[in-house]
Amino acid sequence: AIDNLDVYPNPSRDIFNVSFTSTEVQNLKIRVFNVIGEEIVSDNLEQFVGEYTKQIDLNNNAKGIYFLEIETDKDVFNTRLIIQ
C-alpha cells in the first residue's frame, strides 16, 4: 500500500523530506516520535491516494534519534531519523 518510501537527508541537522506513494485509497497517519515516545509531528490523511511529499522541520528539537511512523489501514512502517 506504500511504495517508494524515501526519507532524506538522513542524518540531517534539522529538515527531513518524506516522500512515498500510496497505491490505493487509504487512511494514513504520519507521525514523528522522540526516543521517549512523545509525539512531535502528526499528519492525518483521510482517503488518500497518490504521491505524498512533506518537509518535517525538527530544528527546535535536540540532536539524537527520532522515529517516523506511517500507519495505514493495514500496516505500520517505521524509519529512524537522526539529527546531528
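Procedures and definitions
- Residues numbered from 1 in each chain as written.
- Predicted model: local features only at pLDDT ≥ 70, side-chain atom pairs only at ≥ 80, totals over all residues.
- Heavy atoms only, no water.
- Helix = DSSP H or I, 4+ residues; strand = E, 2+ residues; numbered from the N terminus.
- Contact = heavy atoms within 4.5 Å.
- Phe/Tyr/Trp six-rings, centres within 6.5 Å; stacked < 30°, edge-to-face > 60°.
- Buried < 20%, exposed > 50% of the residue type's maximum accessible area, 1.4 Å probe, protein only.

K.L.:
Please give an account of the environment of Gln47 that cites residues and values.
P.N.:
With respect to the element layout, Gln47 can be found in strand 3 (residues 39-57). Residues Gln47 and Glu24, spaced 23 residues apart in sequence, show a C-alpha to C-alpha distance of 8.8 Å. In contact with Gln47, not counting residues within four places along its chain, are Val25, Gln26 and Asn27.

K.L.:
Give a detailed account of the packing of aromatic side chains, specifying residues and quantitative values.
P.N.:
To describe a pair of aromatic rings, one takes the distance between the centres and the angle between the planes. Inspection of every chain in the model, using the stated rule, returns two aromatic pairs. Centroid distance Phe20 to Tyr52: 4.9 Å. Interplanar angle 25°. Geometry classified as stacked. Highlighted residues: Phe20 in strand 2 (residues 15-33) and Tyr52 in strand 3, separated in sequence by 32 residues. Considered together, Phe20 and Tyr52 belong to a single accessibility category, that of buried residues. Relative to Tyr52, the ring of Phe48 lies with its centre 6.2 Å away and its plane at 85°, an arrangement referred to as edge-to-face. Neither residue differs from the other here; Phe48 and Tyr52 are each classed as buried. Of the aromatic side chains, those joined through ring pairs into one cluster are Phe20, Phe48 and Tyr52.

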